[in-house]
Amino acid sequence: MPHEPAPTLDDVIAQRFSRRDLMRGAAATALAAGLGPEAAASEALPGFDFPELAAGVDEHLHVADGYEAQVLLRWGDPLFPGLPAFDPARLTPEEQERRFGYNNDFVGFIPLGSDGDRGLLVVNHEYTKAELMFPGLGATDRKGVIATLSSEQVAVEMAAHGGAVVEIARRDGRWAPVIGSAYTRRITARTPMAITGPAAGHPRLATAADPEGRWVEGMINNCSGGVTPWGTWLSGEENVHYYFQGALPAGHEEARNAKTMGLGKPQYGWGRFHARFDLSKTPNEPNRFGWVVEIDPFDPASVPKKRTALGRFKHEGAAGLTAGDGRYVVYLGDDEKFQHVYRFVSAGRVGATRVDNADLLDAGTLSVARFEADGSGRWLPLTHGAGGLDAGNGFGSQAEVLIETRRAARLLGGTPMDRPEDIEANPKTGRVYVMLTNNTDRTPAQEEPSNPRAANAYGHVIELQPDGGDHVADGFRWDVLVACGDPAKKAVGATFSTLTTADGWFGMPDNCVIDGRGRLWIATDGNSRRGTGRADGIWALETEGPRRGTSRHFLRVPVGAEMCGPCFTPDDATLFVAVQHPGEPDEEGAMARYETPSTRWPDFAPGLPPRPSVVAVTRKGGGRIG
Ligand code: FEO
Ligand code: CA
Ligand code: CA
Ligand code: CA
C-alpha cells in the first residue's frame, strides 16, 4: 500500500474527471432534451494554431517551432531508489523489474492533488525487441533470435513487458519521475492477475497451474488502453499469439480457436523455458491472454483483473466514457486485417467511488459494429443464445462467446474492417473516431463504403455519430472522415481537405487522443522514408467546419520508431507521447541490430542502444498546446 493515503475518488474527480464528466453531463442533458450532439457542442471547437512541422525522416525527434520535447522516461531508467546507472550488457531480470520497461505504447495521466503539478503516469510496455536490447546476439532472423536467447535473457524480456505506474511531478515547467514514490509499480509478464467476469472459471481457461481458471501469470503485448473516470487503467492485450510455440496435440478442441487467433507463428522463445508458452504442453494457456486488464494504480499491491466481459481478441485500446444514463461505455478495436470494431456497455451505472466501481466491468453487453452502405450502422450484441451464438455453433455459454469473440462477431455479421486500432469518443461533440490503420489484403471485390479502398496501404479514419447522441443506442451514423495517404498521388485516393499541406498528410493512423478543447490528434505507425517519405509522428486533424479533414504535422519520431501514447494533461499544457522501437531499419522486413541501429536516440552514446521513451512536449514559455 502507498505510504501516503491514496486519494479518494473525490480527489480524483476534483482533478481531471469531474471537469470532463460535467461536460459529458451537460452534453447528456442537452441530448436528453432532444437537442442532439450538435446542440450539445454549444461551444465551437477552436482550430489548430501552431506552425507546421516539416515532414521527413532522420535520427532525431522533431516538434513544431515554439514547442519543446523532453525525454521523461527511457527503457532501463530506474523507477526505484538505489539502482546503478543503466547498462544493457549487465541487465538482470531482477533489475529490469525495477526499471522502466521496453516499447512504451499507451500512456495515461491521472492527476494527484489539485495544483496540476503531480500525477500518475500509467504506461503499457507492449513488447520487446531482443535484437535491439542485447549486445552480441548474432542472430540474423527471428527464428535465430528465438533459438538463441538464454533463459536469463527471456526472463529480462518477460520483466520488460507489462506496464508501469510512475508518479511524476512538474517543477518550473519540467516533469520528472518521483523516485521513491509509494505508487511506483512495475507489472510484468509474471505479475499474478485475476480472471474475472463471465469467462472466469471456465474449463477452457483452466491449466495444470490454475485448475480453476481464475488466476494467470502476467499480461503480454499490452498495446493501447484507457483511463476510467474512477481512476483505474485499462490495458489491452494485443498480439498475444506471438508468444506461444509448439503445436496443439492432434485433433485438439482448441484448434479452430487457435487458428482464429493466428497461433502458430511464434516471435518469442519463451516456450523453450516455460511450459505455459508451449502449446503442446499447455493448450489452454492462450485463452488466458487477449483480454482487457483493469489495474488500480493507487494501490501497488492490488491484483490486476482480466475483464473477460470485454471480449478476447487482439485488443488495441480501451478508451471510454460515461453515457448519459450513467452506464460506462468502452470502444474497442481488434487490430488485425478484416477484424472488428466493438463496444462494451456496462450493466451497472458508474458509482461515486473506486470501490463502487470495482466490479463494474464484469457485467455488461459486448457488441460488434455493422456498417451499412447507406451510412447507418448497428451494434450487434454478442449474447449467448441469440443470433446463432448457441451450442449448434459451438458456443456452450456466454463464457465461450467471449473466449471466441472473433468467431461470434463474424457469425453475427460484424463488418470486417481494415485493422481497427485506437477508438476515442469526443465528449464535446458526442462523436467517436475510429483509426483504421491499413489492410493491403483487401481485394477490389471486398471494397465497400466503410472500407472503400482495395490494397489499403495508408488506412482511414471513420467518424461515428451515435443515434440521438446516446452512446448506448443500438444504432449510429458513420462517415469516412479521411482516407489517408498522399493526396498528390491520384491513385492513392486520399481525401484530406485541400487545405492540407504537403507536410500535413499522413498514412497509417494508429493511436489518437481528444484534447481538453475537443480536438483530435492522431499518432501513426508505419510511415517510412521509402513508404511515405516521412517518419511516424503526431498530426492534428480538424473535425469541424470548413477546415474539416485538414491535417497538420506537429511532431515526428526518430527513424525506425512508431508513435504511440498521445495523452494530454487536463490543462492541455503537456502532451505525453511514447516513442516505440526507435532504431529499427527504415524498411519493412529488415532485421534490426543492437550493434548497428538506425539511430541511437535519445542518448546518442556509442555504448548505448536506442531506447524506447516517453517524451513530454510543452509550449516554450508554457500554455495550451496547439
Ligand atoms: Fe500494438 Fe495495433 O498496435
Ligand atoms: Ca497501436
Ligand atoms: Ca487513445
Ligand atoms: Ca500499429
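Residues numbered from 1 in each chain as written. Chains lettered and ligands numbered in written order. Predicted model: local features only at pLDDT ≥ 70, side-chain atom pairs only at ≥ 80, totals over all residues. Heavy atoms only, no water.

Caption draft 1: Molecular detail of empty space enclosed by the protein. According to the stated counting rule, one finds 4 cavities of 30 Å³ or more in the structure shown. The volume enclosed by the second largest cavity comes to roughly 50 Å³. Lining of the second largest cavity is provided by L248, E254, N257, A258, L263, L279, P283, P286 and N287. Tallied by class, the residues present in the lining of the second largest cavity amount to 6 nonpolar, 2 polar and 1 charged. (1 Å grid on protein atoms, 1.4 Å probe; cavity = no way out; pocket = protein on both sides within 12 Å on 5 of 7 lines; lining within 4 Å. Points joined across faces, edges and corners; volume = space filled by probe spheres on them. Nonpolar A, V, L, I, M, F, W, Y, C, P; charged D, E, K, R; others polar.)

Caption draft 2: Quick look at the pattern of salt bridges. Using the criterion set out here, one finds 46 salt bridges in the structure. Linking R204 and E254 is a salt bridge whose minimum nitrogen-to-oxygen distance equals 2.8 Å. Of this pair, R204 sits in the loop between β8 (192–196) and β9 (215–217) while E254 is found in the loop between β11 (233–237) and α7 (255–260), placing the two residues 50 residues apart along the sequence. A salt bridge links R431 to E463; its shortest N-O distance comes to 3.2 Å. Here R431 is found in the loop between β21 (420–425) and β22 (432–436), whereas its partner E463 is found in strand β23 (residues 460–466), with 32 residues between them in sequence. Assigned by exposure class, R431 and E463 land together as buried. Each of the salt bridges in this network shares a partner with another, and the network as a whole consists of R190, D210, E217, R276, E285 and R288. (Salt bridge = Lys/Arg side-chain N within 4 Å of Asp/Glu carboxyl O. Helix = DSSP H or I, 4+ residues; strand = E, 2+ residues; numbered from the N terminus. Buried < 20%, exposed > 50% of the residue type's maximum accessible area, 1.4 Å probe, protein only.)

Caption draft 3: Spatial organisation of the coordination of the calcium ion (ligand 4). Surrounding the calcium ion (ligand 4) are the protein donor atoms E421 (OE), D510 (OD) and D525 (OD), at 2.3 to 2.5 Å. Between consecutive donors of the calcium ion (ligand 4), the numbers of intervening residues give the motif E-x88-D-x14-D. Here the calcium ion (ligand 4) and the calcium ion (ligand 2) are spaced 3.6 Å apart, with E421 acting as a shared donor. Placement of the pair is E421 in strand β21 and D510 in strand β25 (residues 509–514), with a sequence separation of 89 residues. Both residues of the pair, E421 and D510, count as buried. (Donors = N, O, S within 2.8 Å, 3.2 Å for Na, K, Ca; no water.)

Caption draft 4: Summary view of the pairing of strand β24 (residues 475–483). The pairing of strand β19 (residues 376–381) with β24 spans 3 bridges and is classified as antiparallel. Considered in β24, the bridge of S376 is made with R477. In this sheet, β24 lies alongside β23 in antiparallel orientation, the contact comprising 7 bridges. Note on β24: the bridge partner recorded for L464 is W478. (Pairing = 2+ DSSP bridges.)

Caption draft 5: Region of the structure containing unusual backbone geometry. With omega at 5°, the peptide bond leading from W601 into P602 counts as cis. Positionally, P602 belongs in the loop between β30 (574–580) and β31 (613–619). The backbone phi angle of D572 is positive, close to 60°, even though this residue is not glycine. Mapped onto the elements of the fold, D572 is located in the loop between β29 (562–568) and β30.

Caption draft 6: Molecular detail of the side chain of R307. Following the sequence through the fold, R307 ends up in strand β13 (residues 305–307). Contacts of R307, omitting those with residues within four sequence positions, involve T196, W291, V292, E294, A358, D359, L361 and D362. (Contact = heavy atoms within 4.5 Å.)

Caption draft 7: Region of the structure containing the sheet that holds strand β26 (residues 520–524). Strands sit in the order β1-β28-β27-β26-β25 across an open sheet of 5 strands; the sheet is antiparallel. Looking at which strands have only one partner, the edges of the open sheet turn out to be β1 (62–63) and β25. In this structure, β1 lies alongside strand β28 (residues 551–556), joined through 2 bridges in antiparallel fashion. Pairing of H62 across the sheet is with R556, part of β28.

Caption draft 8: Looking closely at the coordination of the calcium ion (ligand 2). Surrounding the calcium ion (ligand 2) are the protein donor atoms E316 (OE), E316 (OE), E421 (OE), D510 (OD) and D510 (OD), at 2.2 to 3.2 Å. Around the calcium ion (ligand 2), the 6 donor atoms are arranged such that angles at the metal cover 43 to 134°; this shape is classified as irregular. Going along the chain, you hit the donors of the calcium ion (ligand 2) in the pattern E-x104-E-x88-D. (Tetrahedral: all angles 85-135°; square planar, octahedral: opposite > 155°, others 65-115°.)

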